[in-house]
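Letter by letter, the chains look like this.
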Amino acid sequence: MSKSLVVAEKPSVARDIAQALGGFQEAEGFLESDRFVVSWAVGHLVEFVEPEEIDPRYKRWLLEDLPILPEPFTYKPKSGARDQLRVLKKLFDRKDVEELINACDAGREGELIFRELQAHFKSSKPARRLWLQSMTREAIRTGFQDLKPGRDYDGLGDAAFCRSEADWLIGINATRALTRRMKTRTETTAWSAGRVQTPTLALLVDRELEILKFRPEPFWRILARFQAPDGHQYEGTWFDPKFLDNPDSPRKDDWITEAAKLEAILESLANRVPGAASESRRARRESPPGLFDLTTLQREANRRFGMSARRTLGAAQSLYERHKALTYPRTDSKFLPEDYRAHVDQVVDLLSHGGTLYQKSASRLRARGLENTNNKKVFDNAKVSDHFAIIPTTQIPGGLQGDDQKIYDLVMRRFLAAFYPAAVWTQVERLTLAPSPGVEHHFRTRARFLKEPGFYEVYGRDVEEDKALPPLVALPPGTEEQLVEELQGETSRRVVVPVGEKVPVTTLEAESKADQTRPPARITEARLLSLMEHAGQHVDDEDLSQILKGKGLGTPATRAEIIENLIGKQYAVRAERSLRASAKGILLIDLLRRIQVRQLASPALTGELEKHLSEVELGQRTRNAFMDEIVSYAREVVEKARTFQYDELYRNDPPLGQCPGCRKAQVVEQARFYACQTNTGKDSVCNFIIWKDRSGRYLDRATVAELLEKGETPVLEGFLSSRGEGYKGRLKLVDGKLELIPEGQAEKGQGPDEDGATATGEPICPCPLAPERCKVLELSLAYRCEAHCVEDNPRRKVGATLPREVCKREITREEALDFFQKGSTEQLDDFVSRFGRPFSARLKRNENGRHEFEFPPREGGERKPRKGKAPARAKAAPRKKAAAGEAPAKKKAPAAKKAAAGGKKAAAGKKAAGAATAVAEPPKPKVRLVKREK
């Protein structure tokens, strides 16, 4: 009897499919029934062959060998994947298997995983596609009844191969070319570049440069207190009605920038000046928010809980696969198909009778009737892509905790709110005129109150009374209700509702409030996700968002990993709940723009390339046409990187000021520092130098020019402590040397504490060091005890602690519970060493409550636990080849050869040292001789 081979993306999904279909028996690496054989991949089981495996000459990372353009691309088994590949190979070749079913995740990456296996095994058997939106048993059975021909997804497969090959071509060639030109003798890591990663970095760099060049300017506001005829008092803010708004200026109509003008206004208001006030009250509708796609869910979780994009995706994936509580999370749609109304009815019905947190909201919604809700804003076939919005399934989970509970609550409340009516706000604007000789001063008072809660009921918000600002005069009955305007979204034209004539008031007192301009806010992870979605453009309008759809950086499924890569490669820093470009990241983008590698440093141009990739998926562009474009792109990057000269990059930039060292020459900019013009290396007349990186802050040209002119800077923000805390400080030149004088640390209550965590958290279990008196809290960056256990042991400085991220891997709440309660986790995968290599290990709790790694036993013996640090390469392991985009490690000469190396000629040492140096460096007092590698 013929059978169909079903290939799932991971073992858990394969078992879910087997349980849904029934009648399976488990064997080694697969499950089998009378009709189906179900097996699995573990993510990608194969990967591209490394350049040095294509040709040994590529091992040396020479510029003359670039670009590397494999034709065709070939695959090899990934490390640790050979056993499962053998199982799948046998299953693919079985004579009774006449058909393949692709049950990998319903998206571009899942399509790639399956088609890589087809290509690797050279399989020509027909294939069909299982396309699941949720993982409930009912959804799985329905999916098997509606299998699609595999050829229907050829466009998706072509786009998947194009994305994978394009990332390899740009990543390998750009990384090798830039590393060869930029890496110095002291650096141990490559200067990585990527098709999507580097333009994303450019977004952070541009904002960081805006902040660095910012200088605060003082201004004042005047607040006055008035008394209305009925005796109630209120405050108003002075403003200039003749002010003309300038989009290029940060100034606002209520700022006073001249001290003399400030004093004159305050003096004229000193004696209980009589005045007159009028007000307008208008009603404004706020439509309920749309359903979540992955990006908006990640943004909301970051805004509400400070969760990273990767952490949010992990929780959503867990709710989809493990709990079967949410639909497929890696979606870019915020709408539902029009035939999904019955599912919505079913979920609402379950919630209204289920005794859950959402029973009250669901019951109200059911009583109103779903047919009377915002159906057009929820159901729209034209706006549903391969997947629809993230919504709850009919499987209501119990006992959720930690991140899973937070994300489920966000999705559930957004789901219910989408079907509720709009909220209605009362907006009040009161204008008070306080006359003085020759001039009339204007004051403004604004407030808003919730009149009809609408969808806010789902979030527990009730009607607010106008107690804080009662009307100047009584409103005619029904005035506001008659003037409510149907509005879309949160922004609209406003309708002024007159409520009476001017009313006499008395000015009681006026006072000034000093302030200063603030720099642009740093980009949060939520903000960066939005910018990536729209290729760097700030978009709030939903219609414009739809127009730009497909031109973003990356996809909803890949953006979280792109952000983590930037942090892992030290191009960006996550600090104080925001992201900022590091000095290394700014240096890279600055170089790319100076050598005119436009696409790598342009979010907009890369967004256009993403659109071309979408056209491949839709069949509007061929795979060959897209790859021709990528090959040209790779050639351009290599050529620009190979041919530029450092001496030419800054030649047209004006000097920054007189050198404080020699007092004769000028200070000019170089690639990594600012130096005296005479500082040319050997036999330099003046050795004055200022490095561009100082305590985590990049020193831009404006800062250095100010430093040279005045000898010191004003207080600057942007410096980082070793714990990632931001602080302010002044830079000062003392005897030609640069000193940093800290002004203060992050404000209490705003910055992170000693472990980079928030001050409060949710208890998850007793502390293992003092279970009767101390609890472990779930904090934003760590699981950490309350530290009462420290009192029991004066030698112990901190209590039990486990970081939320260990070696670039997020630790879930369940894994943390195993760590604290059982003393060890299960074996965990996906850790990344400091050399960028993945590894697996258990996290074991030591006697001090800290973590150690416990590695799987080696052949011939067991490994001892290793303290909580990214492991180096195991000594007994064979030498590994450099990963894609990573500079090869140099071989260490044996002791005998090192001794012999001392007799080599100095010229050989100079040549080797020169080859390793990528950019101009400050002069060294001695020339270091090194052995030339053979």
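Here, the structure is the one placed above.
Just so it is clear, the model here is predicted, and its values are computed rather than measured.

Asks: Describe the overall build of the protein chain, listing the residues and the values that go with them.
Replies: Along its length, the protein chain carries 25 helices and 36 strands. The buried share of the protein chain, reckoned over its 934 residues, is 49%. In the protein chain, the proportion of contacts linking residues at least 24 apart, taken out of those at least 6 apart, comes to 67%. Accessible surface, the protein chain: about 46800 Å² in total, of which carbon and sulfur atoms supply 48%.

Asks: Can you lay out the pattern of salt bridges for me, pointing to particular residues and giving the numbers?
Replies: A side chain with one charge may pair with a side chain of the opposite charge, provided their charged atoms come close. Counted by the stated rule, this structure contains 71 salt bridges. When the shortest N-O distance is used, the salt bridge between Arg310 and Glu564 registers 3.7 Å. Remark: Glu564 occurs in helix α17 (residues 559-568) and Arg310 occurs in helix α10 (residues 309-321); sequence separation between them is 254 residues. Look at Glu564 and you get buried, because its relative accessible area is 7%. For the salt bridge of Arg311 with Asp403, the shortest nitrogen-to-oxygen distance reads 2.8 Å.

Asks: Talk me through the sheet that holds strand β18 (residues 657-658); I want residue IDs and the actual numbers.
Replies: Strand-to-strand pairing in sheets goes through backbone hydrogen bonds, with the strands running parallel or antiparallel. A sheet is described by the order of its strands in space; here four strands give the open sequence β18-β19-β20-β21, paired in antiparallel fashion. Bordering the open sheet on either side are β18 and β21 (689-691), each of which pairs with just one other strand. Here strand β20 (residues 673-676) runs beside β21; their pairing, made up of three bridges, is antiparallel. Opposite Tyr674, over in β21, you have Ile690 as the bridge partner.

Asks: Give me the lowdown on the packing of helix α7 (residues 197-213) against helix α15 (residues 525-533), citing residues and values where you can.
Replies: In a pair of packed helices, the angle between the axes and the distance between the axes together describe the arrangement. Between α7 and α15, whose axes approach to 11 Å, the crossing angle comes to 125 degrees. Taken as axis vectors, α7 and α15 run oblique relative to one another. Crossing angle aside, the handedness with which α7 passes α15 is right-handed. Residues Thr200, Leu203 and Leu204 of α7 form the contact with α15, whose own contacting residues are Leu528, Leu531 and Met532. Here the residues of the contact of α7 with α15 sort into five nonpolar, one polar and no charged.

Asks: Could you give me a rundown of the sheet that holds strand β10 (residues 218-227), with the residues and numbers involved?
Replies: Overall, antiparallel pairing links the six strands, which are arranged β10-β11-β14-β13-β12-β15 in a closed barrel. Neighbour-to-neighbour, the strand axes of this sheet turn through a mean angle of 35 degrees, independent of strand direction. Packed on one face of the sheet, helix α8 (residues 259-268) meets β10, β11 (233-239), β13 (423-436), β14 (439-452) and β15 (503-516) and runs near 10 degrees to β10.

Procedures and definitions
- The numbering scheme is per chain: residues are counted from 1 as the chain's sequence reads.
- Only residues with pLDDT of at least 70 are given local features in this predicted model, and only at 80 or more are side-chain atom pairs given and counted; all residues enter the totals for whole chains, interfaces and linings.
- Side-chain measures were taken over the full set of non-hydrogen atoms in the model, leaving aside hydrogen atoms and water.
- We count a stretch as a helix when DSSP gives it H or I for four or more residues in a row; a strand needs E for two or more, and each element gets its number in order from the N terminus.
- Whether a residue is buried, partly exposed or exposed follows from its accessible area with a 1.4 Å probe, protein chains only, as a fraction of its type maximum: under 20%, in between, or over 50%, in that order.
- Whether two residues are in contact is decided by their heavy atoms: any pair within 4.5 Å suffices.
- A 1.4 Å probe and the Shrake-Rupley method give the accessible areas. Residues count as covered only by the protein chains that appear here.
- Take a side-chain nitrogen of Lys or Arg and a carboxyl oxygen of Asp or Glu: if they are within 4 Å of each other, that pair is a salt bridge.
- Should DSSP find at least two bridges between two strands, the strands are regarded as paired.
- Here an angle of 0 to 180 degrees is reported between the N-to-C directions of two axes, which are lines fitted to C-alpha atoms, with helices fitted over the stretch in contact.
- Note that the term roughly parallel is reserved for angles under 35 degrees, roughly antiparallel for angles over 145, roughly perpendicular for angles of 65 to 115, and oblique for everything else.
- Should the near helix be turned anticlockwise from the far one by less than a right angle, the crossing is termed left-handed; should it be turned clockwise, right-handed.
- Residue type decides the class: Asp, Glu, Lys and Arg count as charged, Ala, Val, Leu, Ile, Met, Phe, Trp, Tyr, Cys and Pro as nonpolar, and the leftover types, Gly among them, as polar.

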